[in-house]
Amino acid sequence: MTLENLFLTLNLGCEMIYVIDQRLNAQHVAVDKSATVLRDLTEVLLDHKFLNYITTGYENKMLTLQQARILLTDIACCSLMRLDMNSMDKLWELMVMMLKWQLFVTENAQNLMDITFRHLDGIARLFPEMRKSILIDSTKQIIIDYWDQLNDGNKTTVVNNMKTWLKPFNTKISILLRLGLQNQDGSFVVTPVNNDFFDYYSKNLGTNIYAKTAHLQPKDLAKAVKDASREPSPLNTREFDTLFDQLGISTETRASSSLPVVPNVLSLSDMLGDVNVNLEAQNETEDGDTKTHLEMFMKGLNERGRQESSSELGDLV
C-alpha cells in the first residue's frame, strides 16, 4: 500500500480540475458542456477501482514523475475536452507548484488530510450534483480508512515523502508571485509580512485559489493595503488592486499609496491563458454505442498495466 500515490493523485487532480473550471469559464464554454467535462473528470479521478489501483498496484513504490504525469494527462483528456502539449505543460506546472506550496506551509501530518478534504469539497462545489456528492463522500471514507491504519510516525513519513517527490519542481507561478507567496527565484516566501492573502490561504489550504469569490472582507483588505503602505511588504498597493480584480473582490475602500507602480501586472485570465481547452464529440464503439469516458480510461489503464508487466517479464528473460 502506497498512500503517497493516493494523496498525490487526488490533490493534483483536484488542482487540475480547479484550473480547467476557470479556463472553461474564461473561454465562455456552454454551461452544459462545462458541467459534462467537470463531471467526467471527477468521476474518473474518484473512481474507486482507479484509487485502489494507484494505492496498491505499485508494490509499495511511489509513482515516478513520468507515471504521475501520464495518469493525470489521461484523466484530463478522458472527457470531450482536449489539451495540446503546451497547455498540458502549463497545467502540470500549476498543479505541482500549488500542491508543493500547500505542503510547504503544512505544520503537521494532519494538514494533509485537511488539504485533501478541502480539495474534494472544492470540486464538489463546481456544478453540485447528488451523484457527485455521494462519490466524494465515499472517497473521503476510503481515505479515512487508509489513514487510520497508520501511526503518527508513518503519517509524517507520507507527508515527507510527498515533499521529497515535489522537491525538483521550482517553476515560478504568476499567481503565487502576485499573492506574495513565492520569490523570484522560485522558492516560497517563508514568513510573508502583512499579507492577508497568506493569512487566509494558509489556514484554508486546498481552497480553490482561482475562484473569483470574495473570501476576504473589504475592511480586512483595506487594512492590508494601509499596512502595506507603512511597512515593507511583498505586495504594494497596485498589486493589491490587481488581486482584488483577479479574485473578484469588490470594495470601494481601496486605499491610495505613493508606492511605485509595478509594471506588467497580469490578470488571472492572462496568468492561465496558456491553458487552452478544446471540446470534441464523444467516441463511439464499432456498433454505434457511445462509450463512456470512464470505460475508455480504465481500458487504457488496464492495457498499460499489461504492457508494463510484459516489459518486466521481458527484462527478466
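Quick caveat, the model's predicted, so the values are computed rather than measured. (Residues numbered from 1 in each chain as written. Predicted model: local features only at pLDDT ≥ 70, side-chain atom pairs only at ≥ 80, totals over all residues. Heavy atoms only, no water.)

The next thing to look at is the overall build of the protein chain. Within the protein chain, the secondary structure is distributed over 14 helices and two strands. For the protein chain, restricting intrachain contacts to residue pairs at least 6 apart in sequence, the fraction spanning at least 24 positions comes to 76%. Of the roughly 15,400 Å² of accessible surface on the protein chain, a fraction of 49% belongs to carbon and sulfur atoms. (Helix = DSSP H or I, 4+ residues; strand = E, 2+ residues; numbered from the N terminus. Contact = heavy atoms within 4.5 Å. Areas by Shrake-Rupley, 256 points an atom, 1.4 Å probe, with all protein chains shown as cover.)

Residues Phe7, Ile20, Trp101 and Trp147 are the most contacted members of the largest nonpolar core, which totals 80 residues. Here this core takes 13 residues from helix α1 (residues 3–26), the largest share from any one element. If sequence neighbours within four positions are ignored, Trp101 has contacts with Leu176, Leu181, Phe188, Phe198, Tyr201, Ser202 and Leu205. (Core = buried A, V, L, I, M, F, W, Y, C linked by side-chain atoms within 4.5 Å. Buried < 20%, exposed > 50% of the residue type's maximum accessible area, 1.4 Å probe, protein only.)

Take the packing of aromatic side chains next. By the definition in use, this model includes seven aromatic pairs. Centre to centre, the rings of Phe7 and Trp147 are 5.4 Å apart; their planes meet at 80 degrees, and the pair counts as edge-to-face. Of this pair, Phe7 sits in helix α1 while Trp147 sits in helix α7 (residues 130–147), and the two are 140 residues apart along the sequence. Accessibility expressed as a relative area gives 1% for Phe7, which makes it buried. (Phe/Tyr/Trp six-rings, centres within 6.5 Å; stacked < 30°, edge-to-face > 60°.)

This part covers empty space enclosed by the protein. Under the counting rule described, the total for this entry stands at three cavities of 30 Å³ or more. Its volume calculated, the largest cavity comes out at about 50 Å³. Lining the largest cavity are Glu15, Met98, Trp101, Gln102, Tyr201, Asn204, Leu205, Gly206, Thr207 and Ile209. Per-element tally for the lining of the largest cavity: the top contributor is helix α5 (residues 85–105), with three residues. Classifying every residue of the lining of the largest cavity by side-chain character gives five nonpolar, four polar and one charged. (1 Å grid on protein atoms, 1.4 Å probe; cavity = no way out; pocket = protein on both sides within 12 Å on 5 of 7 lines; lining within 4 Å. Points joined across faces, edges and corners; volume = space filled by probe spheres on them. Nonpolar A, V, L, I, M, F, W, Y, C, P; charged D, E, K, R; others polar.)

Summed over the entire model, instances satisfying the criterion amount to four salt bridges. Notably, a salt bridge pairs Arg39 with Glu129, separated by 2.7 Å at the nearest N-O pair. A residue pair is termed long-range when its members are at least 10 positions apart, and Arg39 in helix α2 (residues 31–45) and Glu129 in the loop between α6 (110–124) and α7 qualify at 90 residues. A relative accessible area of 24% means that Glu129 is categorised as partly exposed. (Salt bridge = Lys/Arg side-chain N within 4 Å of Asp/Glu carboxyl O.)

Let's shift gears to α6. For α6, which comprises 15 residues, the first-to-last C-alpha distance of 21 Å matches the rise-based estimate of 21 Å (1.5 Å per residue) to within 8%. Taking burial as the measure, the 15 residues of α6 include eleven buried ones, the bulk of the element. Asn111, Leu112, Met113, Ile115, Thr116, Phe117, His119, Leu120, Gly122, Ile123 and Ala124 are the residues of α6 that are buried. Buried residues along α6 sit in contact with α1, α2, α5, α7 and α8 (152–166). (Expected span 1.5 Å × (residues − 1).)

For the rest of this paragraph, the subject is the packing of α6 against α7. Following both chains from N to C, one finds α6 and α7 inclined at 170 degrees, their axes separated by 10 Å at the closest point. Comparing their axes, α7 and α6 come out roughly antiparallel. Only Lys132, Ile136, Thr139, Lys140, Ile143, Ile144 and Trp147 of α7 make contact with α6, whose side of the interface consists of Gln110, Leu112, Met113, Thr116, Phe117, Leu120, Asp121, Ile123 and Ala124. Considered class by class, the residues forming the contact of α6 with α7 number ten nonpolar, three polar and three charged. (Axes fitted to C-alpha atoms, helices over the stretch in contact; angles between N-to-C directions. Parallel < 35°, antiparallel > 145°, perpendicular 65-115°, else oblique.)

With that out of the way, let us pick up the environment of Ile54. The topology assignment puts Ile54 in helix α3 (residues 48–56). Along the primary structure Ile54 and Thr2 are separated by 52 residues, whereas in three dimensions their C-alpha atoms are 7.8 Å apart.

This paragraph deals with unusual backbone geometry. Unlike most non-glycine residues, Phe127 shows phi in positive territory, near 55 degrees. Along the chain, the position of Phe127 falls in the loop between α6 and α7. Judged by relative accessible area, Phe127 falls into the partly exposed class, the value being 26%. Even without a glycine there, the phi angle at Asn194 is positive, about 50 degrees. One can find Asn194 in the loop between α9 (174–178) and α10 (196–203).

Let us now look at the environment of Gly13. With respect to the helices and strands, the residue Gly13 is situated in helix α1. Through-space distance from the C-alpha of Gly13 to that of Thr42 is 8.6 Å; in sequence the pair is 29 residues apart. Apart from residues no more than four positions distant in its own chain, Gly13 is found in contact with Leu8, Leu45 and Leu72.

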